[in-house]
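# Tertiary structure, described
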Amino acid sequence: MASSPVISIVMGDPAGIGPEIIVKLLSDENWHKRCRPFIIGDAQVMRDSAAALHAPLQFRAIDELADAEFAPGRIDLLSPPGFELGPVPLPEVNAKCGEAAGTYLQNAYELAMESRVQGVVMAPMNKESFRLAGYNYVDELEFLSHITGSPEPFILGAAGPIWAVAVTEHIAFKDIVSYIKRERILRYIGHMRHVLEKLGQPQPRIAVAALNPHAGEGGLFGREEIDEIAPAVRDARRDDIDVTGPVPADIVFKRALAGDFDGVVCMYHDQMNIARKLQARDDIATLWMGLPVIGATTAHGTAFDIAGQGIADPGSLRAALNYAIRLAS
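Residues numbered from 1 in each chain as written. Predicted model: local features only at pLDDT ≥ 70, side-chain atom pairs only at ≥ 80, totals over all residues. Heavy atoms only, no water.

## Brief notes about the overall build of the protein
Short version of the rule: Runs of H or I in DSSP of at least four residues are treated as helices and runs of E of at least two as strands, each being numbered from the N terminus. Both definitions apply: the radius of gyration is a C-alpha atom measure, and the globule rule equals 2.2 Å times residues to the power 0.38. Partly exposed describes any residue whose relative accessible area lies between the buried limit of under 20% and the exposed limit of over 50%, with all areas from a 1.4 Å probe on protein chains only and scaled to the type maximum. Residues count as neighbours in contact if any of their non-hydrogen atoms are within 4.5 Å of one another. In this charge count, Lys and Arg are treated as positive and Asp and Glu as negative; neither His nor the chain ends contribute. By convention, charge coordinates are those of NZ in Lys, CZ in Arg, CG in Asp, or CD in Glu.
Within the protein one finds 10 helices and 12 strands. For the protein, whose C-alpha radius of gyration is 20 Å, the value lies close to the compact-globule estimate of 20 Å for 329 residues. With the C-alpha coordinates aligned to their principal axes, the bounding extent of the protein is approximately 60 × 40 × 35 Å. Taking all 329 residues of the protein together, the buried fraction comes to 56%. Summarising the internal contacts of the protein: among those between residues at least 6 apart in sequence, 72% fall at separations of at least 24. Across the protein, the centroid of the 30 positively charged side chains sits 5 Å from that of the 42 negatively charged ones.

## Overview of the pattern of salt bridges
Pairing is possible between side chains that carry opposite charge, provided their charged atoms lie close to one another. This is how the line gets drawn: By definition, a salt bridge exists where a carboxyl oxygen of Asp or Glu is found within 4 Å of a side-chain nitrogen of Lys or Arg.
Using the criterion set out here, one finds 15 salt bridges in the structure. Residue Arg184 is joined to Glu152 by a salt bridge in which the shortest nitrogen-to-oxygen separation is 4.0 Å. With Arg184 in helix H6 (residues 182-198) and Glu152 in the loop between helix H5 (140-148) and strand S6 (154-159), the pair connects residues that are 32 residues apart, well separated along the chain. Its relative accessible area of 23% is what places Glu152 among the partly exposed residues. Here Glu152 makes a salt bridge to Arg187, at a shortest N to O gap of 2.8 Å. Here Glu152 is found in the loop between H5 and S6, whereas its partner Arg187 is found in helix H6, with 35 residues between them in sequence. The partly exposed category is assigned to Arg187, whose relative accessible area is 38%. Shared partners join several salt bridges into a network, and the residues in it are Arg60, Glu69, Arg74 and Asp76.

## Regarding the packing of helix H1 (residues 18-26) against helix H2 (residues 43-52)
How we decide: Lines fitted to the C-alpha atoms define the axes, with helices restricted to the stretch that makes contact. Angles between their N-to-C directions range from 0 to 180 degrees. Throughout, the term roughly parallel applies to angles under 35 degrees, roughly antiparallel to angles over 145, roughly perpendicular to angles from 65 to 115, and oblique to all others. Crossings are assigned a handedness: left-handed for a near helix turned anticlockwise from the far helix by less than a right angle, right-handed for a clockwise turn. For this classification, Asp, Glu, Lys and Arg are treated as charged, while Ala, Val, Leu, Ile, Met, Phe, Trp, Tyr, Cys and Pro are nonpolar and the rest, including Gly, are polar.
Relative to each other, H1 and H2 sit at 65°, their axes nearing to 9 Å. One way to sum up the angle between H1 and H2 is to call them roughly perpendicular. Crossing angle aside, the handedness with which H1 passes H2 is right-handed. Facing H1, whose interface residues are Pro19, Glu20, Ile22 and Val23, H2 presents Val45, Met46, Ser49 and Ala50. Tallied by class, residues from the contact of H1 with H2 come to six nonpolar, one polar and one charged.

## Quick notes on the sheet that holds strand S3 (residues 58-62)
To keep it simple, the criterion reads: In this description, strands pair whenever DSSP reports at least two bridges between them.
Taken in spatial order, the 12 strands make up an open sheet running S3-S4-S2-S1-S5-S12-S11-S6-S7-S10-S8-S9, and their pairing is mixed. Each of the sheet's edge strands pairs with one partner strand only, and the pair in question is S3 and strand S9 (242-247). For this sheet, the mean inter-axis angle between neighbouring strands, taken without regard to orientation, is 25°. One ladder, built from four bridges, connects strand S5 (residues 119-122) with strand S12 (residues 294-297); its direction is parallel. Directly across from Val121, in S12, lies its bridge partner Ala296. Of the strands in this sheet, strand S8 (205-209) and S9 are in contact with helix H7 (residues 224-238), which crosses S9 at around 170°. Across the sheet, helix H9 (residues 269-277) touches S6, strand S7 (162-166), S8, strand S10 (263-266) and strand S11 (284-289), and the angle it forms with S6 is around 25°.

## Points about the side chain of Ser49
Considering the arrangement of structural elements, one finds Ser49 in helix H2. Judged by its relative accessible area of 15%, Ser49 falls in the buried class. For Ser49, the residues in contact, after removing those within four places along its chain, are Pro19, Glu20 and Val23.

## With respect to helix H8 (residues 249-257)
Just so we agree on the cut-off: As used here, the arc belongs to the directions running from the helix axis to the C-beta atoms.
Regarding H8, the residues found buried are Val252, Phe253 and Ala256. Looking straight down H8, one finds that the buried residues subtend no more than 85° of arc, so they occupy a single side. For H8, the exposed residues lying more than 90 degrees away from the buried face are Asp250 and Lys254. Where H8 is buried, its residues contact S7, S8, S9, S10 and H9. Gly259 sits one or two residues past H8 and shows a positive phi near 105°.

## Describing the nonpolar core
Here is the rule: What we call a nonpolar core is a set of buried Ala, Val, Leu, Ile, Met, Phe, Trp, Tyr and Cys residues that are connected through their side-chain atoms within 4.5 Å.
Ranked by internal contacts, the top residues of the largest apolar core, which has 112 residues, are Val265, Met267 and Leu287. Once residues within four sequence positions are removed from consideration, Leu287 is found in contact with Phe154, Ile155, Leu156, Trp163, Ile294, Gly295, Ala296, Tyr323 and Leu327.

## Structural notes on the packing of H1 against helix H10 (residues 315-328)
Contact pair H1 / H10: the axes reach a minimum separation of 9 Å and the direction vectors enclose 60°. Between H1 and H10, the crossing angle belongs to the class labelled oblique. The element H1 and its partner H10 pack so that their crossing is right-handed. Packed against H1, whose contacting residues are Ile21, Ile22 and Leu25, the element H10 presents Leu317, Arg318 and Leu321 at the interface. Each residue belonging to the contact of H1 with H10 can be placed in one class, and the counts come to five nonpolar, no polar and one charged.

This is the structure:
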């Protein structure tokens, strides 16, 4: 066990389904055979969630990670010093919960920068609550880039056997074209190859999706495929990467799921996420790469509409922990 990775499980938004799905996840003691998990969050919220679910899980509050015992059934819980959550508000957008999610996540990556954890898994947070709390970032990845000094972290999407990355993420649709540049696309092809190799695929097959309908129809529907995407694919081939593209976006994931490709480089957020979220939820998660340690979170949000009802599915969080353990190892 001493050689297994230490994984921090970040509580996310306290008013969402995060505490519930963490209880369901960590009630399986088999995780302790593969990693050393502990929670960063609020002890009372976690205890209330376990009681509501009639789960036998116990939580052991610690002041320092050095005090962790990593005992099955009795989960170590670290609360960031100087932050008090207080009573949990109703399941809705709330600045205090956004502050909690940001504080817990920052604490996890402070430990990562000290090489004290090898992976971070976060229950869902709410971006609106995060912004209301005063975090002036587009999303949590931009926040993590700032606090860790990581120049270009990126999101990797898992959908069963297929991996995907998007050249642009949380930006307005009208701004996407300005980021579809040869050098940037080439970097993301390289990111995809590196991750797939780390996952044990020595010669990964990568597809690069087109931006425009029908891959632009030879320039009839736009020139991005001609001027930027195809040149990036040629550059990648010169670097001995097995890459195909631009492949029309309406067919690229069908081909990948049929076995033609191991990974897909997409041009924008929804191009990647609509395709993968149509897959079984138990297999999908969102990974943060390019940071001091692997980060992983659910492919869904805080689900305020079902929070506290005991019906939330922990499948995506389970997938996130699985992927974090694999990449941390």
